[in-house]
Amino acid sequence: MHIIGTAGHVDHGKSSLVISLTGHNPDRLIEEQRRGMTLDLGFAPLRLDDGLEAGIIDVPGHERFLHNMLAGAAGMELLLLVIDAAEGPRAQTFDHLRILDFLNVRRAIVVLTKRDLVDAEGLQISTTLAKDAVADTVVRDAPVIAVSNVTGEGIAELKAAIAAALATLPARDADAPAYMPVDRVFALTGHGTIVTGTLMQGTIRTGDTLVLQPSGIEVRARSIQTFGVKSERVSGGSRVAVNVPGVSVDSIRRGEALVAPHEFVATSELLVDFTPLPSALRLLKRRTHVRAHIGSDEIPGVLAFERAAPTDTGPVHARLILQRPTVTYPGGRLVVRRMSPKDLLGGAVVHSALARLADTPRAGGAADESLDARALQAVGASGLDALEPSKLAAALNVVLDKAVGVASALVASGALVELHKPNAYITRVTSDAALDNAFAALDERRRRAPWLLGLTSAEVARVVSVPDANVSRLLAAWHDDGRLALTGRFWHAPGSTPSFSAQQRDFFARELRDDPANPLLPTAYEDVMKRISGARIDGLKDALETLLATGALVRIGDDLYRRGQLTAARTILAKALANGGATMAQLRDAFGTSRRYALPLMEYFDGIGVTIRDGDVRRLRTVKRSQTVG
Ligand SMILES: Nc1nc2c(ncn2[C@@H]2O[C@H](COP(=O)(O)OP(=O)(O)O)[C@@H](O)[C@H]2O)c(=O)[nH]1
Ligand SMILES: [Mg+2]
């Protein structure tokens, strides 16, 4: 389905034209019918002979209701520019044309109304004036058709032109997430709250969970209608009324958007490509207070340029800092007016709805690049601050599943690296650059302190400049890839081993010598530390840490055991417990030490799962298990 919109000066016959085309009076408010003037948006279905269907949005022409006009204009794809044949183009004809230049209008038809009020010569003049009016706009090639809403002359010809134009409109992107700016909210007795809008993109099905943004209210689409006809599924370009039970009318306002649940991030800052109107150049400053018309919302904010205000009418990068958050999507269009007076300043295309991505200069015309290239660009721009799938979906303006599919393929091809808990992506290039930094720091560490195993995660976090909280996910990814190894709490290149100085080796050989008379006797940790302090040998403390990390030494309670001692103790245990349990006293005798050493030692073996306590006796865990099985 596509959306047709009217535009043009007040009283030029827009609403009458909608009646001629559809039989529906778009002026739905009693106030409108009494005053004979459109104040707010009107909507009517257009059903053409060949089964083609479209929605018509009728807008108010009067300047005072421009904000209402803008709330509806964003959804229009085919424009009917209505000009009174007797009067020719007037102020709002031009205003509307300038605005529509910035919106999604792709095709237009100039309709000269009140054909019955002019003669051939008058028609000739207004045709020329109409063509001049559209000359420098996106709709410069629009056909001009004269009609009369009184006699019906030209209406059939206009319908044929509309059908032809609709046929040429590009199909809506099926992968886009649902986005519907809310333009009306009302309660229907017996049904509850109804919100209506133009579904700009995506699909809504009955029963779908959706979110009103930026308020964040989760709703369920209980039933859906387009122009009074119930529907199970509506897609982009439809006029939609959605019944959202359980939400009060007062909690929703025009300006909210009804969107897919995962793909939109409410934001107060947008990066845009802004195109100024010629008349705006003298009004724009580096920072200008503006009202931004985004979807059906009007939000005050500041339009800020990178260096200075533009001096010509070409598109420029700008930041839109809003007083309230909004949701939009890359490629979304908006109109900017001056705060006061409300002069039109220009229009903008949203480059990024994620302010964080905005910190990086963009890589050219995002829209024509492939989804893969855009995904790489978005993830790359996010750097080491890994991009979550929902934010990737927002950056690409595709449904979450699609974004995950694109990212997974890029992970498989090696272009992206996936981090876990929570899942998020960084590019291989970013990952490699960070890993290079980590390796450089490791090399430096090896040069200065070869007796150290590597870097702790906090040290890696500092070296690669990621927050401590995120570094573990990055390290886990490198570990999974086999690019980094972990020993104790030290990260290092796989296969790299520490090396001690001769003095360090001598020190430990001396201090941790076996006692042949009492081979399982440990060394008191405190004693070793004291001697380390007294020894004045470089890096001794770090070297001890390395011995502990590699398991060459094990600290048990207040004592240090050598690996060989623990292997020997295990052999003794296996023998002592081979035929069932043994008491502490029996084990102490088997070890040939005192209770003071045997107790912590057995707690250690319990702790690493070798033995298990069973009342007064210890048993081997494996023996017990095999007994249960046998
Ligand atoms: N004679 C004549 N009057 C028209 C025609 N179209 C609209 N009008 C009249 O022009 C006035 C304004 O029309 P309306 O549709 O409300 O204009 P809008 O403000 O652009 O929506 C009304 O009095 C209409 O009856 C037409 O084709 N011929
Ligand atoms: Mg009207």
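None of these values were measured; they are calculated from a predicted model. Residue indices begin from 1 for each chain and proceed along its sequence in written order. Chains and ligands are labelled sequentially in the order written, the chains with letters from A and the ligands with numbers from 1. Predicted model: local features are reported for residues with pLDDT of at least 70 only, side-chain atom pairs are reported and counted for 80 or more only, and whole-chain, interface and lining totals are derived from all residues. Note: side-chain values were computed over all heavy atoms of the structure, leaving out hydrogens and water.

Caption draft 1: Layout of the packing of aromatic side chains. Any pair of Phe, Tyr and Trp rings, taking the six-membered ring for Trp, is counted once the centres come within 6.5 Å. Such a pair is stacked with planes under 30 degrees apart, edge-to-face with planes over 60 apart, and tilted for the rest. What the rule picks out here adds up to six aromatic pairs. Relative to Phe508, the ring of Phe507 lies with its centre 5.2 Å away and its plane at 85°, an arrangement referred to as edge-to-face. Three labels apply to residues, based on accessible area from a 1.4 Å probe with only protein chains included: buried if under 20% of the type maximum, exposed if over 50%, partly exposed otherwise in between. Judged by relative accessible area, Phe507 falls into the buried class, the value being 1%. Judged by relative accessible area, Phe508 falls into the buried class, the value being 8%. An aromatic cluster of three or more residues is present, and its members are Tyr179, Phe264 and Tyr329. In this structure, Arg239 is placed above the aromatic ring of Phe43, and the distance from its NZ or CZ to the ring centre is 3.4 Å. Positioned over the ring face of Tyr525 is Arg555, at 3.7 Å from the centre of the ring. For a ring to carry a charge above it, either NZ of a lysine or CZ of an arginine must fall within 6 Å of the ring centroid while also lying within 35 degrees of the normal to the ring plane.

Caption draft 2: Focus on helix H8 (residues 389–396). Only DSSP runs of H or I reaching four residues or more are called helices, and only runs of E reaching two or more are called strands; each is numbered from the N terminus. Across the eight residues of H8, six count as buried, placing the element largely inside the fold. Where H8 is concerned, the buried positions are Pro389, Leu392, Ala393, Ala394, Ala395 and Leu396. Tucked into the core, H8 has its buried residues touching helix H7 (371–381), helix H9 (400–412) and strand S24 (424–427). Where H8 terminates, the next one or two residues include Asn397, which has phi positive at roughly 55°. By definition in these notes, contact holds between two residues if any of their heavy atoms fall within 4.5 Å.

Caption draft 3: Examining the sheet that holds strand S27 (residues 523–524) more closely. Any two strands with at least two DSSP-identified bridges between them are counted as paired. The three strands lie next to each other as S27-S29-S28, forming an open sheet whose pairing is antiparallel. The open sheet has two edge strands with one neighbour each: S27 and strand S28 (553–556). Inspection of the sheet shows S28 paired to strand S29 (residues 559–562) by four bridges, in the antiparallel sense. Paired with Arg555 across the strands is Leu560, a residue of S29. On the sheet, helix H16 (residues 563–576) packs against S28 and S29 and is oriented at approximately 80° with respect to S29. Lines are fitted to the C-alpha atoms to define the axes, a helix being fitted only along its stretch in contact, and any angle between axes, read from their N-to-C directions, falls within 0 to 180 degrees.

Caption draft 4: Representation of unusual backbone geometry within the structure. Look at the link from Ser340 to Pro341: it is a cis peptide, with omega at -10°. Take Pro341: it is sitting in the loop between strand S21 (333–338) and strand S22 (344–352). At the junction of Lys421 and Pro422, the peptide bond is cis and its omega measures out at -10° in the coordinates. One non-glycine residue, Lys421, lies in positive phi territory at about 50°. Topologically, Lys421 is positioned in the loop between strand S23 (416–419) and S24.

Caption draft 5: Up close: the site of ligand 1. Nearness is defined per residue: one heavy atom within 4 Å of the molecule or strand is enough. Surrounding ligand 1, one finds 15 residues, the nearest of these being Asp11, Lys14, Ser16, Asp116 and Asn149. Residues adjacent in sequence count toward polar contacts only when both atoms are side-chain atoms; beyond that, a polar contact is any pair of N or O atoms within 3.5 Å, and within protein one must be able to donate a hydrogen and the other to accept it. Contact distances for ligand 1 include 2.8 Å between an oxygen atom and a backbone N or O atom of Lys14. Between ligand 1 and the protein, one listed contact pairs an oxygen atom with a backbone N or O atom of Ser15 at 2.9 Å. Contact with the protein chains removes 75% of the 570 Å² of surface that ligand 1 exposes when unbound. For the accessible areas, the method is Shrake-Rupley and the probe is 1.4 Å, while residue cover comes only from the protein chains on display.

Caption draft 6: Spotlight on the pattern of salt bridges. Any carboxyl oxygen of Asp or Glu within 4 Å of a side-chain nitrogen of Lys or Arg constitutes a salt bridge here. As enumerated under the stated definition, the model contains 23 salt bridges in all. With its nearest N and O atoms 2.7 Å apart, the salt bridge here joins Glu444 to Arg447. With a gap of three residues between them, Glu444 and Arg447 both fall in helix H10 (residues 428–448), about one helical turn apart. Across the pair Arg588 and Asp589 runs a salt bridge whose closest N-O atoms are separated by 3.2 Å. Judged by its relative accessible area of 27%, Arg588 is partly exposed. Three or more residues are tied together by salt bridges with common partners; here these are Arg253, Asp297 and Arg324.

Caption draft 7: Structural view of the side chain of Gln504. Mapped onto the fold, Gln504 is located in helix H13 (residues 502–511). Gln504 gets classed as buried once you look at its relative accessible area, which sits at 0%. Other than its neighbours up to four places away in sequence, Gln504 contacts Trp451, Ile537, Asp538, Gly539, Leu540 and Ala543.

Caption draft 8: Representation of the nonpolar core. Side-chain atoms within 4.5 Å link the members of a nonpolar core, which is a set of buried Ala, Val, Leu, Ile, Met, Phe, Trp, Tyr and Cys residues. Core analysis: the biggest nonpolar cluster contains 83 residues, and Leu100, Tyr179, Ile204, Leu258, Phe274 and Leu334 have the highest contact counts within it. For this core, the element with the most residues is helix H3 (residues 66–73), which contributes five residues. Contacts of Leu258, omitting those with residues within four sequence positions, involve Ala178, Tyr179, Met180, Val182, Val195, Ile204, Leu210, Val211, Leu212, Val219 and Val242. Counting residues in hydrophobic clusters, the runner-up holds 24 residues, among them Ala44, Leu46, Ala54 and Leu80.

Caption draft 9: Broad picture of the pairing of strand S8 (residues 192–198). S8 sits mainly inside the fold: six of its seven residues count as buried. Relative to S8, strand S7 (residues 179–188) is paired through six bridges, and the arrangement is antiparallel. The residue bridging Leu188 from the neighbouring strand is Gly192, located in S8. Between S7 and S8, which pair antiparallel in sequence order, lie three residues; one of them, Gly190, sits at a positive phi of approximately 90°. Bridge analysis of S8 against strand S15 (residues 239–243) gives five bridges, and the strand direction is antiparallel. If you follow Ile194 over to S15, its bridge partner there is Asn243.

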